[in-house]
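Reading the structure
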Amino acid sequence: MLIVPEREIANLMTREAAFDAVEGVFAAMASKDAYNFPVIREAIGHEDALYGFKGGFDRAGMALGLKAGGYWPNNMEKHGHINHQSTVFLFDPDTGMVRAMVGGNLLTALRTAAASSVSIKHLAREDAKVMGMVGAGHQATFQLRAALEQRDFEKVIGWNYHPEMLPNIEKVAAEAGVPFEPVPLERMVEADVVISITSTFAPTIMAEHIGAGTHIACMGTDTKGKQEVEASLLARATVFTDEVAQSVSIGEAQHAVGEGLIAESDVHQLGAVINGTHAGRASASEITLFDGTGVGLQDLAVAASVVDLAVKSGVAIEVDF
Ligand code: NAD
């Protein structure tokens, strides 16, 4: 069995490798070569922790396994560890024997950023120039860094509920050599691509904040009850997702479907666009919306990729198990 410790991931995994892994697995999901198992998420009644498992099998990439982990709200204060903790376990699909144990914390941020990037590649207008960010927390920095590689963006505009956090994303824009401007939400209408990555339970982005022709990736809503955008925006947009079942139950589409504004059949898999079985954006004025809910197969795909990189560079720890 191979171990790739969390401390090695930053040196091994690239945004390009994460992008390729996630694009590949979204395509495999749409062609039914890969499927996610039902998610388990439990409040364990200890340390206010939420713990669970996300797993699946990708027959195309031969990745089988699960990500185990969750959220320990007191970690940083009590122990100096980050609050989100996860580990990926990969198994040999031919034998069921454990193949690898991989640190999953940084990988989660990279695979989530890769998901919105894949959506931008396949759904945003080619001539997109203004990148809009709603959110400036931990994930937002990864999201922006990856998104800026997808088009020739000339400007980043940003809004955050806690404005004091905006320097987090301003720094990323500066590193990429793109000017940054903090704006009121009303000015998000100027963006050609918007990423929302917040933990809100009440929508902050209203339908009128998004202009014609925009691609918006809604990445924060991954739980029942969370909501970043007004449900009527989904009725105005062509809606894509990683996995339809998650989109309508724990993603942004839970609200629009729940209110009867769209049907489950109006939510399309991004993988179908990658495979060419859905045409994707149909016009320069269409609003496309990607509801990124986060699936276990993304975790397995990036973990399998990082195991290969770790073996090649000689840092995978081999244990007799
Ligand atoms: P974080 O705590 O670092 O940042 C939270 C962000 O939400 C900040 O920008 C904060 O200002 C904003 N926010 C908090 N309360 C708000 C409110 N009431 N209204 C508007 N904005 C508010 O968290 P993070 O690690 O960056 O995660 C952000 C979100 O992304 C979380 O909801 C998390 O569960 C989700 N997430 C999704 C995926 C996925 O695959 N889709 C993966 C990882 C995280």
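Below you will find a few notes about this structure. Remember, it's a predicted structure, so these values are computed and weren't measured experimentally.

Some remarks on the site of the ligand
- Taken together, 23 residues sit near the ligand, with R111, H138, N160, H162 and K226 positioned nearest.
- Contacts to the ligand include T198, whose backbone N or O atom sits 3.3 Å from an oxygen atom.
- Separating a nitrogen atom of the ligand from a side-chain N or O atom of T200 is a distance of 3.4 Å.
- Looking at the shell around the ligand, its residues break down into 5 nonpolar, 15 polar and 3 charged.

Quick notes on a nonpolar patch on the surface
- Among the surface-exposed residues, I317, V319 and F321 lie close enough to one another that they form a single nonpolar patch of about 290 Å² accessible area.
- Tracing the sequence through the fold places I317 in strand β16 (residues 317-318).

Describing helix α4 (residues 105-123)
- Its 19 residues give α4 an end-to-end C-alpha distance of 28 Å, which sits within 8% of 27 Å, the value for a rise of 1.5 Å per residue.
- Among the 19 residues in α4, 17 count as buried, and that is most of the element.

Regarding the side chain of E23
- With respect to the helices, strands and loops of the structure, E23 is situated in helix α2 (residues 15-30).
- At a separation of 2.7 Å, a polar atom in the side chain of E23 contacts the side chain of H122.

Notes on the nonpolar core
- Formed by 68 residues in total, the largest nonpolar core has its most connected members in F26, V102 and M131.
- The dominant element in this core, judged by the number of residues it contributes, is α4, at 10 residues.
- Shared between two domains, this core takes at least three residues from each, and those domains are domain 1 (2-108 + 297-318) and domain 2 (125-294).
- The residues contacting F26, other than those within four sequence positions of it, are A115, V118, D242, L270, G271, I274, F290, V295 and Q298.
- Listed in part, the 28 residues of the second largest apolar core include W159, V229, A237 and I287.

Considerations on the sheet that holds strand β15 (residues 288-291)
- In spatial order, the strands read β10-β9-β8-β11-β12-β15-β13-β14; together these 8 strands make up an open sheet with parallel pairing. Single-partner strands in this sheet number two, and they are β10 (180-182) and β14 (267-269). The sheet shows a mean angle of 20° between the axes of neighbouring strands, direction not considered.
- Summarising the sheet, strand β11 (residues 193-196) and strand β12 (residues 215-218) pair through 4 bridges and their orientation is parallel. Within the sheet, the bridge partner assigned to S196 lies in β12 and is C218.
- In this fold α4 packs onto β11, β12, β13 (238-241) and β15, with an angle of close to 160° to the strand it touches most, β12.

Cut-offs and rules
For every chain, the first residue of the written sequence is number 1, and numbering continues from 1 along that sequence. Given that this is a predicted model, residues contribute local features only at a pLDDT of at least 70 and side-chain atom pairs are listed and counted only at 80 or more, while totals for whole chains, interfaces and linings are drawn from all residues. Excluded from the side-chain calculations are hydrogens and water; all other atoms, namely the structure's heavy atoms, are used. The near set for a molecule or strand comprises every residue that places at least one heavy atom within 4 Å of it. Whenever a nitrogen or oxygen atom comes within 3.5 Å of another N or O atom, the pair is scored as a polar contact, on the condition that within protein one atom can donate a hydrogen and the other can accept it, and that pairs from neighbouring residues in sequence are kept only if both atoms are in side chains. In this count, Pro and Cys sit with the nonpolar residues alongside Ala, Val, Leu, Ile, Met, Phe, Trp and Tyr, while Asp, Glu, Lys and Arg are called charged and the others, Gly among them, polar. Patches draw on residues past 30% relative accessible area with no salt bridge. Two like charges within 9 Å are joined, as are two nonpolar side chains (Val, Leu, Ile, Met, Phe, Trp, Tyr) within 5 Å. Note on areas: Shrake-Rupley with a 1.4 Å probe; residue coverage comes only from the protein chains shown. Within this document, salt bridges are pairs made up of a side-chain nitrogen of Lys or Arg and a carboxyl oxygen of Asp or Glu, the two lying within 4 Å of each other. Secondary structure elements are defined from DSSP: runs of H or I of at least 4 residues count as helices, runs of E of at least 2 residues count as strands, and each element is numbered from the N terminus. A helix's residues, less one, multiplied by 1.5 Å, set its expected span. Summary of the burial criterion: residues with accessible area below 20% of their type's maximum are buried, those above 50% are exposed, and those between are partly exposed, where the area comes from a 1.4 Å probe applied to protein chains only. For the purposes of this section, nonpolar cores are sets of buried Ala, Val, Leu, Ile, Met, Phe, Trp, Tyr and Cys residues that join through side-chain atoms within 4.5 Å. Where each domain begins and ends follows an automated or database-derived domain assignment. The contact definition used throughout considers only heavy atoms, calling two residues in contact when any of these lie within 4.5 Å. Here a strand pair is declared whenever DSSP counts at least two bridges between the two strands. Note on geometry: axes are C-alpha line fits, over the in-contact stretch for helices, and angles between N-to-C directions span 0 to 180 degrees.

Shape descriptors only; they carry no functional weight alone.
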